[in-house]
Amino acid sequence: MAHVGVPRGTARKRRSVALLATGVLTLPVLAGCTSDSEGPTSVAVPQDIAPASRDRVADGSTLTWAIDAVPATLNAYQADADSATTRITGALLPSLFPLDARGEPKLNPDYLESAKIIEQEPKQVVLYKLNQQAVWSDGREIGAPDFVAQWRALSGKDSAFWTARNAGYERIEKIERGKDDLQVRVTFSKPYADWRSLFSPLYPKEVTGSPGTFNDGARATLKNTAGPFRLRSVNKDKGTVVLDRNPRWWGNEAKLESLVFRAVEPKDRTDALTAGTVDVADVDATTANGIALAARYRGGNGGPPAHGPGADITPAAALRSWALAHGSDEEAAEAAQLAREKNREAVAVYAAEQKSLQGFVVRKSLEPAYTQLAMNGESGALSDDRVRRAIARTLDRQELADAVLKPLGLPAKPPGSHLALAGQPAYKDGSGALGDQDTKEAQALLADAGWTVGGAVRRTEDTKAGSEAEKKASGEATDKASAKATDKAPEKPSAKATDKASEKAAEKEEKGEKEDDKASREEGTYIVGDDKPGDGPAGTGVTAQDKGPAGAYAPAGTAAPAPASVKSRIGKGGKPLTLRFVLPSGPGSQPLRTVGQKIVEMLDAIGISTQITKVDDESYFKDHIASGDYDMALYSWPATAYPATDGRPIFSKPEPATDGSLLVEQNYTRVGSDHIDQLFDRAVSELDANASRDLLKQADARIWAAAGSIPLYQRPQLVAVDKKLANIGAFGFAAPRYEDIGFTGRQAAGSPANRKK
């Protein structure tokens, strides 16, 4: 919540047509590569939801859950669907393969008896056997007509359906009824490894059966549902979405009588918790720390409070205040009495707030999303992969992760993959294809690209003052100094050697291939534009104190010596290497700005100038990241159980459109290669799970070597929860089981959130 990420609506488009995503791959089949020998990795932090058996959870009561805003649509397949859409529909609609705590899709027995591939040749066929008790809230059985209607709506063949994603559905050739109404037979025109991603959520045919009902019929209401809850009301004026128990639900009855989603902006979450208007809310570090402080608060009994107003008043100061308030100086006494009264009121208000917050606990884990440094490789200095790799190898990723996660008591191991997170089957640390933090290697890469220390100094051919001898001597001295600086560069490993080392590391991920491909810099890495690196004005990034008076103590017209700060800058041809770092300015984005400042300091240490531009949170992504108006930026991508499908649009090679623009899908770094695309294509069509994962791990190594996106840390997940609530909190990868959520012990109808309404 405290981090700017790809907008939720955008993130959902990751399973979408080619123009909405980034990253496809195709390569020859790899021989002898499996992931079994590597062994599974453990989840970095387990979920924190206070698990309890159903017999310990009370029946009845209402829970109020904070969301950012009432969703614009309840159709999860539309472009403006967001996290609130996902949260609400999760309690209302079938999800055939929800994720477990390791981020793996698991068959949901409430809807399916089985689902498996029954044929691979000549075509892939999946047979779904439905739970015979599964019905929509109008009493109709869930069956093949619902699957057929959703396929036709999302296949992309009918533009009348306004869909935001169709990945996988376009591969379906036909859907048929099986031996009976409880069997659905899906035949694919070409193999699809991520078939489990389809039909979740599943909408009734009444919604997906026609463009009119699909486009407008499920935006503000869902008349027919099939989850443990049903939709009672949506009130945008009050900012609430109210669900109650589904009387036709065939599974375990929901413990809660009703579930209310209330719109509360992130900045207002502390006030909402204090006022008792919500029971559950995602919070930032500031609110989480406030709840932790409240647990240690003490007041009354004549002693000073532990913190807050009055906590810093010593016994001596209190005695002095009392003496002034009761002294003979009437004016001083009046002022002291007023100050004491104001302090008592502040203490009372603060104590009431702390008492309210003491009823909450912060449950924390790591969110299934990572924050990255994105480098725009479309033009300028960053179009050179050597410069991008140099920046990446300058960064101390561990220090950056520590800055965000350690204060929260969370482990801070930087992610090693772009396509999976620790604990997921597809995870493997591929960062070795780029290399560890190494300043000398970074400088060697920059030097090989022509960016050297002192290169930002603009040399003058002649001057108006001084004798010819002085000019000659000055020229010779400059030449010697230049030669000396140039001679030093070869002592470091050349960038070409470093490039080869990076590529060899990536090649290790592809052992078993029948033929080797060229290194990433030779395989068609996409670069747009003819702009020369460092085309900003000389001296950019130099402070006012650095600028000396031209011609001081010299005849008029004599150029002033370059300031020391410019001499230490990395540059080329008299132009410094200066990068524009765009960051969000909102109060909830402070962690990003903290990380951004540390990155600036790391780059400054090797002579790279950085100009931070702070922009409104609302315009940050749309007007800067998506449009390419940045050199460097920080934003997050959600993790996925289906990286072959969802990773493709994020990392695929941008392609020129007929009008000269770029089709970047979701590859906002504009960095990609044909080889990466080929690997994704192979992975998404490979029905052997281990072989598909191996292809993805090879793709990830190539993505690391291209250095357009550098994962920094997995985002923290902090959830404030009423202490009496069970089976809810920081879910991590897993989908909530809404029917199991409730209050432990006896709980009257109406949750604590209702008592103060």
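Residues numbered from 1 in each chain as written. Predicted model: local features only at pLDDT ≥ 70, side-chain atom pairs only at ≥ 80, totals over all residues. Heavy atoms only, no water.

Caption draft 1: Just the overall build of the chain, in detail. Helices and strands together make up the secondary structure of the chain, namely 22 helices and 21 strands. The buried share among the 757 residues of the chain stands at 50%. Long-range contacts, defined as pairs at least 24 residues apart, comprise 75% of the intrachain contacts of the chain with a sequence gap of at least 6. Surface exposure of the chain reaches about 33,800 Å², of which carbon and sulfur atoms provide 50%. (Helix = DSSP H or I, 4+ residues; strand = E, 2+ residues; numbered from the N terminus. Buried < 20%, exposed > 50% of the residue type's maximum accessible area, 1.4 Å probe, protein only. Contact = heavy atoms within 4.5 Å. Areas by Shrake-Rupley, 256 points an atom, 1.4 Å probe, with all protein chains shown as cover.)

Caption draft 2: Focus on the packing of helix α11 (residues 397-405) against helix α16 (residues 590-604). Running from amino to carboxyl end, α11 crosses α16 at an angle of 155°, the nearest separation of the two axes being 10 Å. Overall, the two elements α11 and α16 adopt an arrangement that is roughly antiparallel. Here α11 and α16 pass one another in a crossing that is right-handed. On the side of α11, the interface is formed by E399, L400, A403 and V404, while α16 contributes V595, K598, I599 and M602. Residues belonging to the contact of α11 with α16 are distributed by class as follows: six nonpolar, no polar and two charged. (Axes fitted to C-alpha atoms, helices over the stretch in contact; angles between N-to-C directions. Parallel < 35°, antiparallel > 145°, perpendicular 65-115°, else oblique. Left-handed = near helix turned anticlockwise from the far one by under 90°. Nonpolar A, V, L, I, M, F, W, Y, C, P; charged D, E, K, R; others polar.)

Caption draft 3: How the structure looks around the pattern of salt bridges. Going through the model one piece at a time under the given rule, you end up with 30 salt bridges. Among the ionic pairs, R715 bridges to E367, the shortest N-O distance being 3.3 Å. With a gap of 348 residues between them, R715 in strand β19 (residues 709-722) and E367 in strand β10 (residues 360-375) connect regions that are remote in the sequence. Assigned by exposure class, R715 and E367 land together as buried. Close ionic contact of R648 with D681 constitutes a salt bridge, the shortest N to O distance being 3.3 Å. Residue R648 is located in helix α19 (residues 648-651), and its partner D681 is located in helix α20 (residues 674-685); the two are separated by 33 residues in the primary sequence. For R648, a relative accessible area of 28% corresponds to the partly exposed category. In this structure, a network of salt bridges that share partners links the residues R54, R737, E739 and D740. (Salt bridge = Lys/Arg side-chain N within 4 Å of Asp/Glu carboxyl O.)

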